[in-house]
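# What the coordinates show
Given next are the chains, with one letter for each unit.
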Amino acid sequence: LNGKATARANTNIALVKYWGKRDAALNLPAVGSLSLTLEGLSTRTSVAFDGKAAADSLLLNGEPADPRALGRIARFLDLVRARAGIKEHARVESANDFPTAAGLASSASAFAALALAATRAAGLSLDDRELSVLARRGSGSAARSIFGGFAEMQRGQRADGEDSFATPIASDWDIRLVIAATVTGPKSTLSTDGMRHTAETSPYYDAWVRMSEADLKTARDAIARHDLEALGTVTEASCLSMHASAMAARPAVVYFHGATIEGWRIIQELRKSGIPAWFTCDAGPHVKALTVAKHASEVEQALARLGRTWICKPGPRAEVLEVNA
Ligand code: PMV
């Protein structure tokens, strides 16, 4: 087999967060989550299986990847090889259309694009649900990047994880997410490590898990009504609860920097002055604000002193760009 395929997937930001696993080996989440896929921040990945290659290889933004990243990709390719019944190694080339140095590079777009490119190159044609289940094995958030716009990740109940996948939430709501990349600083705790440590040591972890069902319902209902205040309020609460559970771990897992808190305060001030904006933040220091098209420039201007900014519209689903299998 010498199949080759190229796919593109956009990153997504969780409004109701995923934090904690119910099964580490299968990468099953302890909670469901709900996200917005973003326009303009995407990963393009090609996978070429090659009967003559002695091992898998990975070029990231044109540079050979470090062994850790390569190992993670090779283990993911093993899943695809097992499913397709093939043995060939692959050459993988992956590039982001946004500056990786800004620290926004996301495993979500990366594993969604890889799941699509690798399966098509291997001659497989998975449906969306199967793709989402597979992408989840690479990274929990990647399961959501198979879809455009709003998507909800199901926690699922089954031990084999076949009911743990994302589904799209149909909506024509033209919402905006403003991103401010703050400091680049030292590498933060990887999400998998931060989640494990939180689950093992934080007295707030159980409370965090208990809240998630209600937060998901609130967010779903708010999206159906186009109720920005309700969606913003639950977005901010879910983010802060997630970080509170991590900060209460022993020792603490802290992703906030000074600039993160400053961004959060700027967003609170905007709200006091009548501009609708709500804060969220992931396993890193960058600030994200949920708002609407009409106010996106004002929000961006207010956050611009933190660093480089982007105004993101809802983005498209993952797609195959080229296939030669
Ligand atoms: O998918 P992972 O393992 O990169 O974890 C994502 C964790 C958060 O970004 C903090 C939350 C989320 O739901 O995306």
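As shown above, the structure is provided for reference.
All of the points below concern the structure found in this document.

Reading guide: rules and limits
- Residues numbered from 1 in each chain as written.
- Predicted model: local features only at pLDDT ≥ 70, side-chain atom pairs only at ≥ 80, totals over all residues.
- Heavy atoms only, no water.
- 1 Å grid on protein atoms, 1.4 Å probe; cavity = no way out; pocket = protein on both sides within 12 Å on 5 of 7 lines; lining within 4 Å.
- Points joined across faces, edges and corners; volume = space filled by probe spheres on them.
- Nonpolar A, V, L, I, M, F, W, Y, C, P; charged D, E, K, R; others polar.
- Core = buried A, V, L, I, M, F, W, Y, C linked by side-chain atoms within 4.5 Å.
- Buried < 20%, exposed > 50% of the residue type's maximum accessible area, 1.4 Å probe, protein only.
- Helix = DSSP H or I, 4+ residues; strand = E, 2+ residues; numbered from the N terminus.
- Near = heavy atom within 4 Å.
- Polar contact = N/O pair within 3.5 Å; in protein donor to acceptor, adjacent residues only side chain to side chain.
- Areas by Shrake-Rupley, 256 points an atom, 1.4 Å probe, with all protein chains shown as cover.
- Patch = residues over 30% accessible without salt bridge, like charges linked within 9 Å, V, L, I, M, F, W, Y side chains within 5 Å.
- Salt bridge = Lys/Arg side-chain N within 4 Å of Asp/Glu carboxyl O.
- Lys, Arg positive; Asp, Glu negative; His and termini not counted.
- Charge placed at Lys NZ, Arg CZ, Asp CG, Glu CD.

## What to know about empty space enclosed by the protein
On inspection of all chains with the given rule, the structure shows 1 cavity of 30 Å³ or more. Approximately 30 Å³ is the volume found for the largest cavity. Lining the largest cavity are Tyr18, Pro29, Ser33, Gly140, Ser141, Arg144 and Met153. Taken together, the residues of the lining of the largest cavity break down into 3 nonpolar, 3 polar and 1 charged.

## Topic: the nonpolar core
Counting residues in hydrophobic clusters, the biggest one holds 37 residues, and the most contacted among them are Val47, Leu77, Val92 and Leu114. If you tally residues by element for this core, the top one is helix α2 (residues 107-121), at 9 residues. Grouped together as the second largest cluster of nonpolar side chains are 29 residues, Val16, Leu104, Ile175 and Leu290 included.

## A word on the site of the ligand
Within the structure, the ligand sits among 14 residues, and Tyr18, Ser139, Ser141, Arg144 and Ser191 are positioned closest to it. One nitrogen or oxygen atom from the side chain of Arg144 is found 2.8 Å from an oxygen atom belonging to the ligand. Here an oxygen atom of the ligand sits 3.4 Å away from a polar atom, N or O, in the side chain of Asp282. If the ligand stood free it would expose 380 Å²; the protein chains cover 91% of that surface. Considering only residue class, the shell around the ligand consists of 6 nonpolar, 5 polar and 3 charged.

## Considering a positive patch on the surface
A surface patch of like charges, here positive, comprises Arg68, Arg72, Arg75 and Lys187. For Lys187, a relative accessible area of 75% gives the class exposed.

Fair warning: the whole summary comes from geometry, so function is off the table for now.
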